[in-house]
Amino acid sequence: RMLGGLLSIHIQADTNSHKLTKPYHGEILDLAVDLADRLMPAFRTPTGIPFSRVNLVSGVPPKESPETCTAGAGTLIVEFGVLSKLTGDPSYLNVSRHALLALWQRRSTLNMVGNVINVNSGVWLRQDSGIGAGIDSYFEYLYKGYVLFNDYELLQVFNTAYAAVRRYQKKGPWYYTVHMHSGQVMKDWAEALMAFWPGLQVSLGHIEEASNTFMAFYSIWKAQGFLPEAFSVSSSQPVSGASYYPLRPEFAESTYLLYQATRDYRVMTAGKSIVRSLQRHCKVDCGYAAIADVNTKRLEDRMDSFFLSEMCKYLFLLFDEEHELNKADLVFSTEG
């Protein structure tokens, strides 16, 4: 998120330097390089799959856990790849691409990856596979890595992984979590993080499937006022212990992207519903507070940075239909 933000600022400043009040000489790009160089020690593992945490001063702590999730290790190629293109240093793209493919090399015979892996041994510690928490943006970056860098190997991997998701996880408009080796359903939960999927499908041109899943998530939003972190499809209620809503932006992201593709008034109506819920229940004096429980609408003293970097941005662009960014040829990072 931080690296992507710096790169976006640099690109905007560099391409619009004539609009700036002071000359720009790439100072923000220097900061991005400095940050990325401090993250690079995380990739020094036997598998090339990075540690989930690194100390920005001293590197990877000696007792750092070797456990990381697929999304954490596999959602780096956009930012690191763009940095390589801007600096001419291929090392950033190389390590992030290797990590992405190292996860895929350890897929099951059903072409599904697990949720949590040991970065030293390459052994899956959790073998549940889905499009929600722990894996979600892995799919997104396989596809966006292809789009940005014309990398057809990533497209081939994405297509194979996408076909497996549709074959083993898709149940009507929903996508269930299954065992990566057997395909057996493990959870019938609709997770808030899964709501990015319709937006990804819009990019693929699969508009009908995207619309069906989007409207299924919207039905939860209308019933609950928000998307709880996990919602049981079979019992039609929030999963116990997962009834909170930390202002996640994935549903707004899909709302924006689906509306751009369809101009469907129902999608715009969903966007209005998001704004009304936020204004009615979350707005406080110094920002917007997370919902601790969608049932009671009790607030939590917390506002994650993705609310600004994603939620506000996607909603702004949804309603400002003539904004120049809606006409630009660009790729959003997973952090907006």
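A brief report on the enclosed structure follows. (Residues numbered from 1 in each chain as written. Predicted model: local features only at pLDDT ≥ 70, side-chain atom pairs only at ≥ 80, totals over all residues. Heavy atoms only, no water.)

Let us look at the overall build of the chain. Helices and strands together make up the secondary structure of the chain, namely twelve helices and 15 strands. For the chain, the C-alpha radius of gyration of 20 Å lies close to 20 Å, the compact-globule estimate for 336 residues. By residue count, 55% of the 336 residues in the chain fall in the buried class. Approximately 15,700 Å² of the chain is accessible, and the part contributed by carbon and sulfur atoms is 51%. Side chains of the chain give 31 positive and 34 negative charges; the mean places of these two sets differ by 4 Å. (Helix = DSSP H or I, 4+ residues; strand = E, 2+ residues; numbered from the N terminus. Rg over C-alpha atoms; globule rule 2.2 N^0.38 Å. Buried < 20%, exposed > 50% of the residue type's maximum accessible area, 1.4 Å probe, protein only. Areas by Shrake-Rupley, 256 points an atom, 1.4 Å probe, with all protein chains shown as cover. Lys, Arg positive; Asp, Glu negative; His and termini not counted. Charge placed at Lys NZ, Arg CZ, Asp CG, Glu CD.)

The subject of this paragraph is unusual backbone geometry. Its identity as a non-glycine residue notwithstanding, Asn 111 has a phi of 65°, on the positive side. As for its placement among the helices and strands, Asn 111 is situated in the loop between helix H5 (91-105) and strand E2 (116-118). According to the relative accessible area criterion, Asn 111 is partly exposed, its value standing at 25%. For Ser 236, which is not a glycine, the phi torsion comes out positive at approximately 55°. Examined against the element boundaries, Ser 236 turns out to sit in the loop between strand E10 (230-232) and strand E11 (237-238).

Between helix H7 (residues 152-168) and helix H8 (residues 197-204), whose axes approach to 14 Å, the crossing angle comes to 125°. By the angle between their directions, the pair H7 and H8 is classed as oblique. Regarding H7 and H8, the two cross each other, and that crossing is left-handed. Contacts between H7 and H8 pair Phe 158, Tyr 162 and Val 165 from the former with Trp 197, Leu 200, Gln 201 and Leu 204 from the latter. Across the contact of H7 with H8, the residue classes break down as six nonpolar, one polar and no charged. (Axes fitted to C-alpha atoms, helices over the stretch in contact; angles between N-to-C directions. Parallel < 35°, antiparallel > 145°, perpendicular 65-115°, else oblique. Left-handed = near helix turned anticlockwise from the far one by under 90°. Contact = heavy atoms within 4.5 Å. Nonpolar A, V, L, I, M, F, W, Y, C, P; charged D, E, K, R; others polar.)

Moving on to the pattern of salt bridges. Taken as a whole and assessed by the stated rule, the structure comprises 13 salt bridges. As a salt-bridge pair, Asp 128 and Arg 126 come within 2.6 Å of each other at their nearest N and O atoms. (Salt bridge = Lys/Arg side-chain N within 4 Å of Asp/Glu carboxyl O.)

This part takes up the packing of aromatic side chains. Here the structure, examined in full by the defined rule, presents 22 aromatic pairs. A ring pair is formed by Phe 43 and Phe 80, whose centres lie 5.6 Å apart and whose planes are at 70°; its orientation type is edge-to-face. Of the two residues, Phe 43 sits in the loop between helix H2 (27-39) and strand E1 (67-69) while Phe 80 sits in helix H4 (residues 77-87), which places them 37 residues apart along the sequence. By the burial criterion, Phe 43 is buried, and Phe 80 matches it. A cation sits over an aromatic face here: Lys 222 above Tyr 218, 4.8 Å from the ring centre. (Phe/Tyr/Trp six-rings, centres within 6.5 Å; stacked < 30°, edge-to-face > 60°. Lys NZ or Arg CZ within 6 Å of the ring centre and 35° of its normal.)

The next subject is the nonpolar core. Residues Phe 139, Trp 197, Phe 251 and Leu 278 are the most contacted members of the largest nonpolar core, which totals 103 residues. It is H7 that provides the largest number of residues to this core, a total of nine residues. The contact partners of Leu 278, leaving out residues within four places of it in the chain, are Phe 226, Leu 247, Lys 283, Tyr 288, Phe 307, Met 311 and Leu 315. (Core = buried A, V, L, I, M, F, W, Y, C linked by side-chain atoms within 4.5 Å.)

Below, the discussion takes up the sheet that holds strand E8 (residues 185-187). In space, the three strands of this open sheet follow the order E4-E7-E8, with antiparallel pairing throughout. Looking along the sheet, the strands with just one partner apiece sit at the ends: strand E4 (128-129) and E8. When strand E7 (residues 177-179) meets E8, the two strands line up antiparallel, connected through two bridges. What sits directly across from Thr 177, in E8, is Lys 187. (Pairing = 2+ DSSP bridges.)

Moving on, we get to a nonpolar patch on the surface. A contiguous nonpolar surface patch, about 190 Å² in accessible area, is contributed by Val 147, Leu 148 and Val 331. Along the chain, Val 147 falls in helix H6 (residues 136-149). Judged by its relative accessible area of 39%, Val 147 is partly exposed. (Patch = residues over 30% accessible without salt bridge, like charges linked within 9 Å, V, L, I, M, F, W, Y side chains within 5 Å.)

We now examine helix H1 (residues 2-15). Given 3.6 residues per helical turn, the α-helix brings residues three or four places apart onto the same face. Its 14 residues place the ends of H1 20 Å apart at the C-alpha level, agreeing with the 20 Å of an ideal helix rising 1.5 Å per residue. The set of residues buried in H1 consists of Leu 3, Gly 4, Leu 6, Leu 7, His 10 and Ala 13. Elements that come into contact with the buried residues of H1 comprise H2 and H4. (Expected span 1.5 Å × (residues − 1).)

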